[in-house]
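# Understanding the architecture of this molecule
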Amino acid sequence: MKNSIAVLTTLLTLAGTAKAHVVFGNGTAAPGEFHVADLRIFHGCEGSPTIEVTMDIPDNVTRVRPRSLPGWEVSVQKVTLSEPIVVHGFEVTEKVGSVTWRGGSIPDFAYQQFEVHFMTPDTPGEALSFPVHQICKKGRLDWDDPAVDDESFRTLPEPAPFITIRDEEKHD
């Protein structure tokens with residue numbers, strides 16, 4: 001009887017705290033190369049459809065190009081770098097700081113994938129956090145708790161999706 005109560009209590013606790021997250025389809029990328037990240041939004045806000053998604057881009061991620069989606073308007077916000085960087089022999093003084101998709105609608109029961117093409121930093125082992133702001137018809141979710149590994153992603157209340165740069169040689 002005690003075991004049954006303990007199991008029931010555990011299940012009820014997990015059910016109350018479990019919720020879907022926003023994630024990348026592939027959570028790893030090669031260092032210093034182009035990568036296509038597919039952000040997946042799995043639900044709305046407590047039954048309300050998602051109408052806008054903004055993804056913040058880490059400072060060391062460059063050459064960002066979002067994919068357009070039918071029914072959605074896509075825009076980028078550029079930021080000026082505090083110090084210029086050199087990317088493929090070219091000095092860069094500004095970069096994309098965030099990407100926003102708006103104007104579409106994802107029902108609460110459906111999911112949508114948003115893609116961004118970018119250059120990864122040449123920093124093997126680094127976890128890149130991409131905070132996401134999900135606006136719904138009623139409410140919002142800010143997936144901005146910095147997750148750096150699978151364990152922190154599972155335990156944080158609203159973890160930011162992340163991509164880990166694989167520990168491998170750069171391909172020329």
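Residues numbered from 1 in each chain as written. Predicted model: local features only at pLDDT ≥ 70, side-chain atom pairs only at ≥ 80, totals over all residues. Heavy atoms only, no water.

Applying the stated criterion across every chain, the model contains six aromatic pairs. Aromatic side chains Phe42 and Tyr111 sit 5.5 Å apart centroid to centroid with 25° between the ring planes, which places their arrangement in the stacked category. Highlighted residues: Phe42 in the loop between β3 (34-41) and β4 (50-56) and Tyr111 in the loop between β7 (90-106) and β8 (112-119), separated in sequence by 69 residues. Since its relative accessible area comes to 35%, Phe42 is described here as partly exposed. Taken together, the aromatic side chains of Phe24, Phe118 and Phe130 make up a single cluster linked through ring pairs. (Phe/Tyr/Trp six-rings, centres within 6.5 Å; stacked < 30°, edge-to-face > 60°. Helix = DSSP H or I, 4+ residues; strand = E, 2+ residues; numbered from the N terminus. Buried < 20%, exposed > 50% of the residue type's maximum accessible area, 1.4 Å probe, protein only.)

Of all hydrophobic cores here, the largest spans 29 residues; its most connected members are Leu39, Met55, Trp101, Phe114 and Phe130. Elements represented by at least two residues in this core include exactly β3, β4, β7, β8, β10 (132-136), β11 (140-143) and β12 (162-165). The leading source of residues in this core is β7, at four residues. (Core = buried A, V, L, I, M, F, W, Y, C linked by side-chain atoms within 4.5 Å.)

If the charged atoms of two oppositely charged side chains come close together, the side chains can form a pair. Within the structure shown, the criterion is met by six salt bridges. Note that Asp142 is salt-bridged to Arg140, the shortest N-O span being 2.7 Å. Relative accessible area serves as the criterion here: at 47%, Arg140 is assigned to the partly exposed category. (Salt bridge = Lys/Arg side-chain N within 4 Å of Asp/Glu carboxyl O.)

All right, on to the environment of Pro146 then. In this structure, Pro146 sits in the loop between β11 and α2 (150-155). As for Pro146 and Ala160, which are separated by 14 residues in sequence, their C-alpha atoms are 5.6 Å apart. With residues near it in sequence (within four places) discarded, Pro146 still touches Ser129 and Leu156. (Contact = heavy atoms within 4.5 Å.)

Okay, the environment of Arg67 next. Along the chain, Arg67 falls in the loop between β5 (62-66) and β6 (73-87). The sequence separation of Arg67 and Val36 amounts to 31 residues, and the corresponding C-alpha distance is 9.6 Å. Beyond its immediate sequence surroundings of up to four residues, Arg67 is in contact with Trp101 and Glu115.

The strand order β1-β3-β8-β5 describes an open sheet built from four strands, whose pairing is antiparallel. Strand pairing shows two members of the sheet lacking a second neighbour, β1 (23-24) and β5, which therefore form its edges. Direction of pairing for β3 relative to β8: antiparallel, over a ladder of eight bridges. Residue pairing for β8: Val36 is matched across the bridge by His117. (Pairing = 2+ DSSP bridges.)

It is worth stressing that arrangement in space is one thing and function is another; only the former is reported here.
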